Amino acid sequence: MAPLKRVALLFAMEQEAAPTIARLGLMPKGLLEPPLPALAFEGTRGSLTVDVVVNGKDARFAVANVGTVPAALTTHAACVALKPDLLISAGTAGGFKARGGAIGDVYVSTESVNHDRRISIPGFDRYGDYLTPTHDASALAAALGFKAGVVSSGNSLECASVDLEHLIRLGASAKEMEAGGVAYAAGLHGVPLICLKAVTDIVDGDKPTADEFVQNLHTAAKAIEDAAVAVLDYLDGKELTTP
Ligand code: ADE
């Protein structure tokens, strides 16, 4: 196996990605694959070609394209256009105090799952969860001091009590809105995936999620910047070992 050459980091929101793009000195390349609104940035870090792709804004509602549907479309386009050796689903997440999570913590995924695809028909129940092991990054997490855990996706920022039941059943340490879509498309293309998520809010805490998210977005985006650079430097010159 040859060393990694090209790594693509996928973000939903521009505010999540901006510090990473600036730190890596990436150049804007415009739309990744029109009519998709995803925006591409490219540069290098050591011997790696590094792409950052941001989902862009919704033309009708003028806000960032969050959620699993834009994430899956962007990932498909990124795989076709950029042919990365590794995808990193990067961004923010809710953490769980019951699992030792705290604001600013960075999690590396062990698995991607979905907590809001509830289909109680045999076969479809497991399809709904869509449990997908992500690339084994346990050595990376240990070397860089990140927490490791299950990253669970759904299409709501808020956490309904039924979602919490499923997050607990699935053993989630990080609740976010994109990794499930990224994992689905990455699987179609056979591209290895790692999720890298910084905690903005505590799902089982007592603060309103939206307020906590907005309050900590900048801190978490900075944590992702530092984590992304550390991960790229760790991976530079390495082969991706298959478990
Ligand atoms: N992104 C950041 N925090 C989140 C949460 N609590 N739920 C979903 N996505 C998030």
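Residues numbered from 1 in each chain as written. Predicted model: local features only at pLDDT ≥ 70, side-chain atom pairs only at ≥ 80, totals over all residues. Heavy atoms only, no water.

K.L.:
Just to check I follow, could you spell out the site of the ligand for this structure?
P.N.:
Near the ligand the following residues occur: Thr 92, Ala 93, Gly 94, Ser 156, Leu 157, Lys 175, Glu 176, Met 177, Thr 200, Asp 201, Thr 209 and Phe 213. With respect to the ligand, the side chain of Lys 175 contributes an N or O atom lying 2.8 Å from a nitrogen atom. Protein chains shield 96% of the accessible area of the ligand, which is 260 Å² for the free molecule. Counting only elements with at least two residues in the shell around the ligand, the list comes to β5 (86-95), β9 (172-176), β10 (193-202) and α7 (209-235). Looking at the shell around the ligand, the element that brings in the most residues is β5, giving three residues. Split by residue class, the shell around the ligand holds four nonpolar, five polar and three charged. (Near = heavy atom within 4 Å. Polar contact = N/O pair within 3.5 Å; in protein donor to acceptor, adjacent residues only side chain to side chain. Areas by Shrake-Rupley, 256 points an atom, 1.4 Å probe, with all protein chains shown as cover. Helix = DSSP H or I, 4+ residues; strand = E, 2+ residues; numbered from the N terminus. Nonpolar A, V, L, I, M, F, W, Y, C, P; charged D, E, K, R; others polar.)

K.L.:
Could you clarify how one ought to interpret the packing of aromatic side chains in this entry?
P.N.:
The geometry of an aromatic ring pair comes down to the distance between the two centres and the angle between the two planes. Scanning the entire structure with this criterion turns up three aromatic pairs. When the ring of Phe 124 is compared with that of Tyr 127, the centres are 6.5 Å apart and the planes differ by 85 degrees; the resulting orientation is edge-to-face. On the criterion of helical spacing, the pair formed by Phe 124 and Tyr 127 is a turn pair, its members being three residues apart in helix α3 (residues 124-129). For Phe 124, a relative accessible area of 46% puts it in the partly exposed group. Taking 5.7 Å as the distance between ring centres and 75 degrees as the angle between the ring planes, the aromatic pair formed by Tyr 130 and Tyr 184 counts as edge-to-face. (Phe/Tyr/Trp six-rings, centres within 6.5 Å; stacked < 30°, edge-to-face > 60°. Buried < 20%, exposed > 50% of the residue type's maximum accessible area, 1.4 Å probe, protein only.)

K.L.:
Looking at this structure, how should I read the environment of Thr 75?
P.N.:
Within the secondary structure layout, Thr 75 lies in helix α2 (residues 68-82). Once the C-alpha coordinates of Thr 75 and Ala 38 are considered, the two residues, 37 residues apart in sequence, prove to be 9.7 Å apart. Apart from residues no more than four positions distant in its own chain, Thr 75 is found in contact with Leu 10, Leu 87, Val 182, Ala 185 and Ala 186. (Contact = heavy atoms within 4.5 Å.)

K.L.:
Sorry if this is basic, but what is going on with the state of the cysteines here?
P.N.:
As used here, a disulfide is simply a covalent bond connecting the sulfur atoms of two cysteines. Using the criterion set out here, one finds zero disulfides in the structure. Lacking any disulfide linkage, Cys 159 is separated from the closest cysteine sulfur, that of Cys 195, by 18 Å. (Disulfide = S-S within 2.5 Å.)

K.L.:
Honestly, the pairing of strand β6 (residues 106-114) in this entry has me stumped. Any pointers?
P.N.:
Residues in a regular strand point their side chains to alternate faces of the sheet. With seven of nine residues buried, β6 is to be regarded as a mostly interior element. The sheet contact formed by β6 and β10 spans three bridges and is antiparallel. Bridge pairing in β10 links Val 106 to Ala 198. Inspection of the sheet shows β6 paired to strand β8 (residues 147-153) by seven bridges, in the parallel sense. Bridge pairing in β8 links Val 108 to Ala 148. The pairing of β6 with strand β7 (residues 132-133) spans two bridges and is antiparallel. Opposite Glu 111, over in β7, you have Pro 133 as the bridge partner. (Pairing = 2+ DSSP bridges.)

K.L.:
Would you mind going over α7 with me for this structure?
P.N.:
Since the α-helix turns once every 3.6 residues, residues separated by three or four places project in the same direction. Over its 27 residues, α7 runs only 34 Å from end to end, short of the ideal 39 Å by more than 12%, given 1.5 Å per residue. At Leu 217, α7 shows its maximal bend, which comes to roughly 50 degrees. Looking one or two residues past α7, Gly 237 carries a phi angle of roughly 85 degrees, positive in sign. (Expected span 1.5 Å × (residues − 1). Bend = angle between axes of the 7 residues up to and from the residue.)

K.L.:
Would you explain the environment of Leu 131 in this entry?
P.N.:
Structurally, Leu 131 is set in the loop between α3 and β7. Residues contacting Leu 131, with those up to four places away along its chain left out, are Glu 111, Ser 112 and Val 113.

K.L.:
It is not clear to me how the pattern of salt bridges should be interpreted in this structure. Could you clarify?
P.N.:
Where charged atoms from two side chains of opposite charge come close, those side chains can pair. Applying the stated criterion across every chain yields a total of 12 salt bridges. We note a salt bridge from Arg 6 to Asp 51, for which the minimum N-O separation is 2.8 Å. In this pair, Arg 6 is assigned in strand β1 (residues 6-11) and Asp 51 in strand β4 (residues 48-54), connecting sequence segments 45 residues apart. For Arg 6, a relative accessible area of 21% puts it in the partly exposed group. A relative accessible area of 2% means that Asp 51 is categorised as buried. Note that Asp 163 is salt-bridged to Arg 118, the shortest N-O span being 2.9 Å. Here Arg 118 lies in the loop between β6 and α3 and Asp 163 lies in helix α5 (residues 161-169), a separation of 45 residues in the sequence. Take Asp 163: its relative accessible area is 7%, and that puts it in the buried class. Put simply, Arg 6, Lys 29, Glu 42 and Asp 51 are held in one network by salt bridges that share partners. (Salt bridge = Lys/Arg side-chain N within 4 Å of Asp/Glu carboxyl O.)

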